[in-house]
Amino acid sequence: MKMDERRLVVVSNRLPIMVEAGENTLRLKPSCGGLVSALLPILSEQGGCWIGATGGAYDHRVVDALKRWCATQDYSLVPVFLTAAESASFYQGCSNEIIWPLFHGVPSRCNFGPEYWSGYCTANERFADGVEGAWKSGDFVWVHDYHLMLLAHVLRSRGADCRLAYFHHIPFPPPDVFEKLPWRMEMLGALAQFDTLGFQTARDRRNFVACLRRWLPGVRIYRGGERFVIRAAGHSAAIGNYPISVDYDDLAAEATSPAVLAGIEAIQQGISRASIILGVDRLDYTKGIPERLTAFEALLKTHPELRGHVTMVQIVVPSRESIPEYKELKLRIEMTVSKINGEYGSPGWVPIHYLHRCVSRAELVAFYRAAHVALVTPLKDGMNLVAKEFCASRVDDRGVLVLSEFAGAAEELRNGALLVNPYDTQGVVSALFLALAMSDSEQQQRMQTMRAHIREHNVFRWARTFRSQGFAARASRPPAFLPHSSPSFISSRLALMTHGR
Ligand code: ADQ
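These numbers come from a predicted model, not from an experiment.

### Examining the environment of W462
In step 1: Relative to the helices and strands, W462 resides in helix α18 (residues 459–475).
In step 2: For the pair W462 and I42, spaced 420 residues apart in sequence, the C-alpha to C-alpha distance is 9.9 Å.
In step 3: Excluding anything up to four places from it in sequence, W462 contacts L39, W142, H144, F167, Y242, P243 and I244.

And the structure:
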């Protein structure tokens, strides 16, 4: 069977549809976020199955509603149910209070509760149940992101011999950061049980390999060009970097739709035709939103001639609202926006327009097209799709991308974007000033360079390359050999963590 004939089974923490179940009500609505933005076009094109949590405990009404919804789609959804307690320790706890901050390089924000790890192990078992129930021989099972790093280990320990691939959407930290994880060896041993592992950038892949070398006893690492093959506990895995992307053609087509053209006009009228500096983010401390607002304030302070002529639009999609830190961040952003608007605003001009909600794709593309500058300044980001969406939408070859050098996207877009250090307020102000004054011809030349790259390296190519290289890697395993030390140590520690609690 050829690779592209295999059924695609996506496994991720959340389904692309959220279900809000009240006592007498049930509402389905699409999820917002980078993973869904990237994978939905792939499944919509190829069909297949998506396994993920619904965000709640078992509810037969949810099962029925999802079945009805699937009947109208080319792919099916398989819900995984977690109790409130399981979700609290796995999702809020281990995933978002340990792995997320640690992997984004902020260990000071980590809360290493031991009960979180045990919740993480349990949840990975639940997802494994979902895969076992849905998997058919010959499927390509593609696991996504940091919530499910133990899944291959759990499935292998149950005897599953399916092809298992993993894509890591967030940064992978260097050894001196990763080593703080109390379960570092278990995690690396489990990751090594996948057949293929993909990372966003060469730096993430290098960091992962460096962590394996330092912390996984008995691992063997082979290099073949840009790819690596590792062998641990008698299993081989191929490792590579595959920068994720966007559905370029869809965004470019949407950009000239009547809804978007009307949207651009409405936005421009609404802000009195001032130049727009646009920020679009999930509400997260890694996205650098307060730092960005501070830079905008410094721009207004040091360049008073711009007041009234430039407006910032910051769109924020609500995220992880049950975690106190995220609630505090929301408050901090709201206070900063209101302080800047109070201090610098004047009749007829609001310095910052702040939207806290999930907007439709057409609205988003209208904002991308109406903006003069996209200010994409995460403190650390696996890739950042907003940067690529902005470029793909600019069918007019205009607009300037000011991009954090700490976003994965900077590796690919450095020839067209103005790169900044988001911690360097003065540097961001200078880049913004340059962007606002940039000639049409320079904007065009930079934007064309970025668009050409994204057109070619679009999300379909990303999925194809990952799947075909992963497929080839399994077919050509490295020669058998004896590892330096016994890998059974890792297997038994993991078995203890996942089964022996
Ligand atoms: P995210 O952290 O979610 O993704 P990002 O890549 O920027 O970050 O994607 C955000 C997505 O949400 C974009 O597609 C954007 O259009 C959408 N979005 C943002 N605000 C919105 C709003 N208000 N309304 C509607 N849509 C909105 C994770 C990693 C990233 C990585 C992606 C994909 O953290 O680094 O790029 O996965 O791998």
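### Side note on the site of the ligand
In step 1: If you check the shell around the ligand, you find 28 residues, and the closest are S37, H169, R357, D381 and E389.
In step 2: Against a free-state accessible area of 720 Å², the protein chains account for coverage of 96% of the ligand.

### Structural notes on the sheet that holds strand β11 (residues 235–241)
In step 1: Ordered by their spatial adjacency, 9 strands build an open sheet running β5-β4-β1-β6-β7-β8-β11-β10-β9, and the pairing between neighbours is mixed. Of all strands in the sheet, those with a lone pairing partner are β5 (75–80) and β9 (220–224), marking the two edges. Across the sheet, the axes of successive neighbouring strands diverge by a mean angle of 20°, strand direction being ignored.
In step 2: The pairing of strand β8 (residues 196–199) with β11 spans 4 bridges and is parallel. For F199, the partnering residue across the bridge sits in β11 and is N241.

### Things to note about the pattern of salt bridges
In step 1: Within this structure, the stated rule accounts for 25 salt bridges.
In step 2: As a salt-bridge pair, D396 and R394 come within 3.0 Å of each other at their nearest N and O atoms.
In step 3: What emerges from the salt-bridge pattern is a single network uniting E125, D129, E132 and R158.

### Section: the pairing of strand β16 (residues 400–404)
In step 1: Of all 5 residues that make up β16, 5 are buried, and the element is covered over most of its length.
In step 2: Across the two faces of β16 the burial is the same, with V400, V402 and S404 and L401 and L403 all buried.
In step 3: The sheet contact formed by strand β15 (residues 373–376) and β16 spans 4 bridges and is parallel. The residue of β16 that forms the bridge with V373 is V400.
In step 4: Remark: the β15/helix α14 (residues 385–393)/β16 crossover connection has right-handed handedness.
In step 5: Two elements, β16 and strand β17 (residues 418–420), share 3 bridges in a ladder whose sense is parallel. Note that in β17 the partner of L403 across the bridge is L419.

The rules we used
Residues numbered from 1 in each chain as written. Predicted model: local features only at pLDDT ≥ 70, side-chain atom pairs only at ≥ 80, totals over all residues. Heavy atoms only, no water. Helix = DSSP H or I, 4+ residues; strand = E, 2+ residues; numbered from the N terminus. Contact = heavy atoms within 4.5 Å. Near = heavy atom within 4 Å. Areas by Shrake-Rupley, 256 points an atom, 1.4 Å probe, with all protein chains shown as cover. Pairing = 2+ DSSP bridges. Axes fitted to C-alpha atoms, helices over the stretch in contact; angles between N-to-C directions. Salt bridge = Lys/Arg side-chain N within 4 Å of Asp/Glu carboxyl O. Buried < 20%, exposed > 50% of the residue type's maximum accessible area, 1.4 Å probe, protein only. Right-handed = clockwise from strand over helix to strand, strands pointing away.

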